[in-house]
Amino acid sequence: MKHILLGLFVILAVLVIQGCEEEQKKVAKIIDNNSTDSSSAIISYDVTGAGNGKITMSKKGSNVKLELEKNVNGQTNLETRFIDKDWIYFYFTTETVVQPVKSRIVKDHNYFNNFAVLSDAGEIVSKLMKTGNEIVSGFTCDIYENNSGSKFSVYNNKYVLKASFEGITVSANNININAPVQIRDIEKPSNIEFLELTVAPQ
């Protein structure tokens, strides 16, 4: 009888351990899925206030292409920015040749005063305070703000549809979520050399 009870106990223990292992695998899979940015979109914005122009963001996961059209002193300047993980690459299309440059992204308080944050809803949602909601171009967004006055409207925790910082307002006017964006169309050009900008320690 003792041997039978001991055998049942061993079998039960094995089943419990296996169940725990399966549950751990499920939790790990959920965490892994949540940590991967799988969003895909093409969003056009109007820029008003201290700066005037237009922005088109093409995004697939962590790869982002920002096309900026700025009106400066009656002249239109075109700039393309590529974001790849921890780096942002600047490429200017103007009448004069400007050296393409790259800079490491630093997510400090100044990060929320930069157009690059348009592609990083996750940082906004995780770091700023939710203060309300509003509708932007037909999409209901959560509003997030920080102490410096920067304000962002985020749809579905993934897409920044409106942003206000340092006197500039960026507002989406055309939103194509789950757009068929190809990585090759938004990656930085491989035939262009980008000079690295270094920032001296403060």
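Remember, it's a predicted structure, so these values are computed and weren't measured experimentally.

Before going further, it helps to spend a moment on the pairing of strand S9 (residues 151-155). Inspection of the sheet shows strand S8 (residues 139-145) paired to S9 by four bridges, in the antiparallel sense. Bridging across to S9, Ile-143 finds its partner in Ser-153. Connecting S8 to the antiparallel partner S9 that follows it, the hairpin turn spans five residues, and Gly-149 within it adopts a positive phi of roughly 100°. As judged from the five bridges shared by S9 and strand S10 (residues 159-165), these two strands associate in the antiparallel manner. When the sheet's bridge partners are listed, Lys-151 is paired in S10 with Ser-164. Hairpin connection between S9 and S10: a loop of three residues separates the two successive antiparallel strands, and Asn-156 in this loop has a positive phi of roughly 60°.

In this section: the pattern of salt bridges. Taken as a whole, this structure holds eight salt bridges when the rule is applied. Here Lys-65 and Glu-67 are joined by a salt bridge, their closest N and O atoms 4.0 Å apart. As a salt-bridge pair, Lys-127 and Glu-123 come within 2.8 Å of each other at their nearest N and O atoms. In this pair, Lys-127 and Glu-123 both sit in helix H2 (residues 121-127), four residues apart, roughly one turn of the helix.

Moving on, we get to the packing of aromatic side chains. Within this structure, the stated rule accounts for six aromatic pairs. With a centroid separation of 5.9 Å and an interplanar angle of 65°, the aromatic rings of Phe-115 and Phe-165 are classed as edge-to-face. Residue Phe-115 is located in the loop between strand S6 (101-104) and H2, and its partner Phe-165 is located in strand S10; the two are separated by 50 residues in the primary sequence. In this pair, the class of Phe-115 matches that of Phe-165, namely buried. The structure contains a cluster of three or more aromatic residues connected by ring pairs, namely Tyr-111, Phe-112 and Phe-152. Sitting over the ring of Trp-87, Lys-102 keeps its end group 5.1 Å from the ring centre. The positively charged end of Lys-188 is found above the aromatic ring belonging to Tyr-89, 5.1 Å away from the centroid.

Definitions and cut-offs
- Residues numbered from 1 in each chain as written.
- Predicted model: local features only at pLDDT ≥ 70, side-chain atom pairs only at ≥ 80, totals over all residues.
- Heavy atoms only, no water.
- Pairing = 2+ DSSP bridges.
- Helix = DSSP H or I, 4+ residues; strand = E, 2+ residues; numbered from the N terminus.
- Salt bridge = Lys/Arg side-chain N within 4 Å of Asp/Glu carboxyl O.
- Phe/Tyr/Trp six-rings, centres within 6.5 Å; stacked < 30°, edge-to-face > 60°.
- Buried < 20%, exposed > 50% of the residue type's maximum accessible area, 1.4 Å probe, protein only.
- Lys NZ or Arg CZ within 6 Å of the ring centre and 35° of its normal.

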